Amino acid sequence: MDPNQLYWRNQGQSFLSRVQIWLNLLDPTVLLSSDAEIERSHSLLGGGEKREKDAPALTLALSSVHADSGAVLPLVFRPPALLPISAPLVVASFLPHNTVKPALFWQFLLQSYSAGFNYANRNSSSEQGKKTSVKQLLLIAGTVSYATCAGALPQIFINRLGVRSPPIQTFFRSILPIPLSAALAFFNVFTVRSEESETGIRVFDSNGNPVGISKAAGEKAVRDTALSRAALFGTTAAVPNLLVLLLKRTRLFQRNSLLVAPLRHISVAFVLGLMIPVSFSLFPQLGTIKKEALEEELQAAAVDGQLFYHRGL
């Protein structure tokens, strides 16, 4: 079991403790570290004495190294890079555009980055030594294309139907994006990481020893991660939109309509920043699957009634 996985097995047993850990790991300053520093920090995790004393090295390894392959993650797809890169994309995708083209453009950038992040942080335990298949590349391209078009549907409806009624425009611009954002985030993870459900992922016993490949664990890992991502983007869409709808009824915002746009932008970025560590913490990083849910050939290895698996991110 990789040192990163060993850490998650021993730490972050409760939701609040996981939130505290992720708040530390998502520090953007760790993006300034070189690959050599990251690899050196990852090697330190193998010793228990070093692990307790060298907190910066621990943070660097956990936030920058893939827990299955042990390889350094691409800079833009490391967890600390999620907020700085996705925040402007999310803000722009939620803007009330006048035409369809800018809506498609920003949705394409957001969905492309989301697909790349989901793929880079997947569970790759059953793919060691293999190159990305043509099937997987086509699946990612199809996911991005479909999600881009679906994400721009509110603007497409407004333009194609010639909607002029303020209540209907409010529905398309402020209400519909909430379930749509959550559904597309779920879809993005579920399809990009579908290979884990088809081929399975490595599972471990209580001592950290690999005991086989489980499709059931792969399905659970993908489903839990997809739900966490849906919570991230659904909440990020819901809170700012509902807040703006409420404040528009106040005298201050009725007299100063120019305040609406900056409030929306700031609140989207703020809620996104708060929800990233929360969504990452909804499910344990090193998940467990009960003996009854495992394949028959793996049930005998679950002497404690369960096996462990790396969920991915």
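Residues numbered from 1 in each chain as written. Predicted model: local features only at pLDDT ≥ 70, side-chain atom pairs only at ≥ 80, totals over all residues. Heavy atoms only, no water.

- The name that an unreviewed UniProt entry assigns to the chain is Sideroflexin 4, with the source organism given as Seriola dumerili.
- Its UniProt record, at the heading Sequence similarities (unreviewed entry), says of the chain: "Belongs to the sideroflexin family."
- Annotation of the chain in UniProt includes, under Subcellular location (unreviewed entry), the sentence "Mitochondrion membrane". (UniProt positions renumbered as here; feature names shortened; annotations may be inferred.)

Side note on the overall build of the chain
Move 1: Counting its regular elements, the chain contains 16 helices and 4 strands.
Move 2: Against the compact-globule benchmark of 20 Å for 313 residues, the chain has a radius of gyration of 21 Å, which places it among compact chains.
Move 3: Residues counted as buried form 49% of the 313 residues belonging to the chain.
Move 4: Counting contacts in the chain only where the partners sit at least 6 residues apart, residues at least 24 apart contribute 72% of the total.
Move 5: Considering the chain, the positive charge centre built from 29 side chains and the negative charge centre built from 21 side chains are found 15 Å apart. (Helix = DSSP H or I, 4+ residues; strand = E, 2+ residues; numbered from the N terminus. Rg over C-alpha atoms; globule rule 2.2 N^0.38 Å. Buried < 20%, exposed > 50% of the residue type's maximum accessible area, 1.4 Å probe, protein only. Contact = heavy atoms within 4.5 Å. Lys, Arg positive; Asp, Glu negative; His and termini not counted. Charge placed at Lys NZ, Arg CZ, Asp CG, Glu CD.)

Quick look at the packing of helix α8 (residues 134-151) against helix α9 (residues 153-161)
Move 1: Where α8 meets α9, the closest approach of the two axes is 5 Å, and the angle between their N-to-C directions is 50 degrees. In terms of orientation, α8 lies oblique with respect to α9. Between α8, through Cys 149, Ala 150 and Gly 151, and α9, the contact on the second element is made entirely by Leu 153, Pro 154 and Ile 156.
Move 2: Looking at side-chain class alone, the contact of α8 with α9 contains 5 nonpolar, 1 polar and no charged residues. (Axes fitted to C-alpha atoms, helices over the stretch in contact; angles between N-to-C directions. Parallel < 35°, antiparallel > 145°, perpendicular 65-115°, else oblique. Nonpolar A, V, L, I, M, F, W, Y, C, P; charged D, E, K, R; others polar.)

Details of the side chain of Ser 197
Move 1: Along the polypeptide, Ser 197 turns up in helix α12 (residues 194-199).
Move 2: In this view, Ser 197 contacts Lys 215, Gly 218, Glu 219 and Val 222; residues no more than four positions away in its chain are not counted.

What to know about the pattern of salt bridges
Move 1: Using the criterion set out here, one finds 4 salt bridges in the structure.
Move 2: Of the charged contacts in the structure, one is a salt bridge between Glu 198 and Lys 135, with a shortest N-O distance of 3.4 Å. Here the residue Glu 198 occupies a position in helix α12, and Lys 135 occupies one in helix α8, the gap between them amounting to 63 residues.
Move 3: A residue is classified by how much of its surface remains accessible, and Lys 135, at 58% relative accessible area, is exposed. (Salt bridge = Lys/Arg side-chain N within 4 Å of Asp/Glu carboxyl O.)

A closer look at the UniProt feature "transmembrane region" (unreviewed entry) in the chain
Move 1: Within the UniProt annotation, "transmembrane region" (unreviewed entry) is assigned to residues 137-158, 170-192, 230-247 and 259-283.
Move 2: Each end of residues 137-158 is marked by a C-alpha atom, and these two atoms are 33 Å apart; helix forms 95% of the span and strand 0%.
Move 3: For residues 170-192, the end-to-end C-alpha separation is 32 Å, with 96% helix and 0% strand making up the annotated structure.

So, the sheet that holds strand β4 (residues 306-310)
Hydrogen bonding along the main chain pairs the strands of a sheet, whether they run parallel or antiparallel.
Move 1: Judged by pairing direction, the sheet is antiparallel, and its 4 strands sit side by side in the order β2-β1-β4-β3 without closing on themselves. Every other strand in the sheet has two partners, leaving β2 (210-214) and β3 (286-290) as the edge strands with one partner each. In this sheet, adjacent strand axes meet at a mean angle of 40 degrees when their direction is disregarded.
Move 2: Sheet topology note: the strand β1 (residues 201-204)/β4 ladder contains 2 bridges and is antiparallel. Counted as the bridge partner of Val 203 is Tyr 309 from β4.
Move 3: Helix-sheet contacts for helix α1 (residues 3-10) involve β1, β3 and β4, and the interaxial angle to β3 is about 70 degrees. (Pairing = 2+ DSSP bridges.)

Some thoughts on the pairing of β2
Move 1: Relative to β2, β1 is paired through 4 bridges, and the arrangement is antiparallel. Note that in β2 the partner of Ile 201 across the bridge is Ser 214.
Move 2: The turn linking β1 back onto β2 is made up of 5 residues, and Gly 208 within it adopts a positive phi angle of 85 degrees.

What to know about the packing of aromatic side chains
Move 1: The final tally for this structure, using the stated rule, is 11 aromatic pairs.
Move 2: Between Phe 105 and Trp 106, the ring centres sit 5.2 Å apart and the planes meet at 75 degrees, which makes this aromatic pair edge-to-face.
Move 3: Residue Phe 105 is classed as partly exposed on the basis of its relative accessible area, which comes to 43%.
Move 4: Take Trp 106: its relative accessible area is 27%, and that puts it in the partly exposed class.
Move 5: An aromatic cluster is defined as three or more aromatic residues linked by ring pairs; in this entry it consists of Tyr 7, Trp 8, Trp 22, Phe 77, Tyr 113, Phe 117 and Phe 280.
Move 6: When the ring centre of Tyr 119 is taken as reference, the NZ or CZ atom of Arg 122 above it lies at 3.8 Å. (Phe/Tyr/Trp six-rings, centres within 6.5 Å; stacked < 30°, edge-to-face > 60°. Lys NZ or Arg CZ within 6 Å of the ring centre and 35° of its normal.)

What about the packing of helix α11 (residues 177-192) against helix α13 (residues 215-247)?
Move 1: For the pair α11 and α13, interaxial distance at closest approach is 7 Å and the crossing angle is 155 degrees. Regarding the angle of α11 to α13, the classification is roughly antiparallel. Between α11 and α13 lies a crossing whose hand is right-handed.
Move 2: Grouping the constituent residues of the contact of α11 with α13 by class yields 15 nonpolar, 4 polar and 2 charged. (Left-handed = near helix turned anticlockwise from the far one by under 90°.)

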